[in-house]
Amino acid sequence: MLQAILQHTKDFITRAPKEDRKQYGQFFTSDRTAQYMAQMFHFDLSKPEIKLLDAGAGTGILSAAAVWSLMQRGYKGKIHLVCYENDTKVIPILINNLDYMHEHANLTYRVLTENYITTQPFAENGLFDSPEHKFDYIIGNPPYLKLSKDAPEALHMPQVCYGAPNLYFLFWAMAINNLNENGELVYIVPRSWTSGAYFERFREYLFAHTTIQSVHLFVSRDKVFSEESVLQETMIIKVKKTLQQPKTIDISSCSTADFSDLTHFQVPYSTVVAQNHYVFLPTNNDEAEVLARVNGLTDTLKTLKVPMHTGLVVDFREREVLKDEAEPEIETYPLFYSSHIGKDGQVIWPVGKSGEYIHTDRSGLLQSNSNYIFVKRFTSKEEPRRLQCGVYLSSRYPKYKYISTQNKINFIECPSLDILYGVYALLNSTLYDRYYRILNGSTQVNSTEVNAMPIPPASTVSKIGAELSGKPLTTAYCDQIVEKWI
């Protein structure tokens, strides 16, 4: 049954151009991934009837995997399946596949072609809940599609939206709304929801209604949707409609498309879900120890009043005020790029780069010539460090009242040299680089996330800085000092 439906899907992918499917955010799940997702459910086989939902069903691969898993476990009751799908090109294939499933299982089904989000109520208080919108188990590969903040789906679910949302987490939030108490949901989703302000409202909704039970991580990005050439950081997550937290969360991982190198790792719930509702996904004991050490601290850059900010200048929009060299007849100021952050904490300027100077009196493009830590916003996946920092000292450039920063670096202004060197030592340490990698699977350093990272109190940061001052700014030396204090 599953193989027949998979073949129908491959035939559809061959016929349907990827550009056509992208307008729906459509990426089809492989058969092995679908089977693994279905196996994550703890089905209650004593129920006389099981209600199953697959929203954004596509050709029905995930539905078939869930039904197949129920049959493999010996389920004798009735299965009622509801599928949402509004792509008119794929609906005939979906119905054909569901008919095929009906012939091989004790299954009834409905295909709903309306908008999954806007055609049903979304309310936290449950006043508008109806049995037809409630399910025991939900499986899904929700569409990955960025929406405008005034899209109908975004306006329908303001409780979980911040700015312009992505359709995948609106599907996820609505599915939580559709779950029966103690019901289970297994979704394959991007990793981006685990941190940051953009998804904060969604995470609050998620943890107000469910608990995480297990997570699967894909070590290699190109193995998830092998037919689709998708490189998005992706994960499978299972949540349960209950506020009773399990003691541990099972985190599995693999780097192969057939799950042949599958590993499992049990992690305390509080290690994965932090108090600020950021979600951390360690894959071994060493990473769990990193989280335990850092998450035990209670201060942040914000509480120390030295928050990280993003650089001020979007250079391609401000070409008219950029200069390649200082001009004697006009006042110019240094403009710092990520390329000015050198090895071992050095900030080197100028280096003969175009647009290294800025001539403007617009306050929004200038900052005081103070002491800063500069941090690259973007690094490549292959680079050994995600947090790449440099120390900028105003005393090296005394003739300038102002400087500026391009928006591909972040900056932290520090009131004292001890705080500056202390914060630098933390960010430049192996401990915090590993912590940030566990927190964020992307290659972008997000200031909101860095500002939320736990750090020692100001007195300890100052002592760390005093110890580093005048010493080499290497990671090895930072590690020696940080290990003594954390």
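Check the entry above for the structure.
Residues numbered from 1 in each chain as written. Predicted model: local features only at pLDDT ≥ 70, side-chain atom pairs only at ≥ 80, totals over all residues. Heavy atoms only, no water.

(A) View of the packing of aromatic side chains. All chains considered together, the criterion is met by 33 aromatic pairs. Here the aromatic rings of Tyr-168 and Phe-199 are separated by 6.1 Å at their centres, their planes lie at 40 degrees, and the arrangement is tilted. Placement of Tyr-168 in helix H7 (residues 167–178) and of Phe-199 in the loop between strand S5 (179–190) and helix H8 (200–209) is noted, with a sequence separation of 31 residues between them. With relative accessibility at 1%, the residue Tyr-168 sits in the buried group. Each residue in the set Phe-336, Trp-349, Tyr-357, Tyr-372, Phe-374, Tyr-392, Tyr-397, Tyr-400 and Phe-411 is aromatic and connected to the rest through ring pairs, giving one cluster. (Phe/Tyr/Trp six-rings, centres within 6.5 Å; stacked < 30°, edge-to-face > 60°. Helix = DSSP H or I, 4+ residues; strand = E, 2+ residues; numbered from the N terminus. Buried < 20%, exposed > 50% of the residue type's maximum accessible area, 1.4 Å probe, protein only.)

(B) Representation of the nonpolar core in the model. Among the nonpolar cores identified, the biggest contains 52 residues, and Val-160, Trp-172, Trp-193 and Ile-212 are the most heavily contacted of them. For this core, the leading source of residues is H7, giving 10 residues. With residues up to four places along the chain from it excluded, the contact list for Ile-212 reads Trp-193, Phe-207, Ile-237, Lys-238, Val-239, Pro-246, Ile-249, Tyr-269, Val-273 and Val-279. (Core = buried A, V, L, I, M, F, W, Y, C linked by side-chain atoms within 4.5 Å. Contact = heavy atoms within 4.5 Å.)

(C) Quick peek at the pattern of salt bridges. Across all of its chains, the model carries 7 salt bridges by this definition. As a salt-bridge pair, Glu-184 and Lys-238 come within 3.5 Å of each other at their nearest N and O atoms. Of this pair, Glu-184 sits in strand S5 while Lys-238 sits in strand S7 (residues 234–240); the two residues are 54 residues apart in sequence, bridging distant segments of the chain. Lys-238 shares its class with Glu-184; the two are buried. Connected through salt bridges with shared partners, the residues Arg-385, Asp-433 and Arg-437 form a single ionic network. (Salt bridge = Lys/Arg side-chain N within 4 Å of Asp/Glu carboxyl O.)

(D) Layout of the pairing of strand S6 (residues 211–218). The buried fraction of S6 is high, at 7 of 8 residues. Pairing of S6 with strand S8 (residues 248–254), which is carried by 5 bridges, proceeds in the parallel orientation. Looking across to S8, one finds that Val-215 is bridged to Ile-251. (Pairing = 2+ DSSP bridges.)

(E) Molecular detail of H8. Residues of H8 that are buried include every one of Phe-202, Arg-203, Tyr-205, Leu-206, Phe-207 and His-209, and no others. Along its buried surface, H8 packs onto H7, S6, S7 and helix H9 (269–272).

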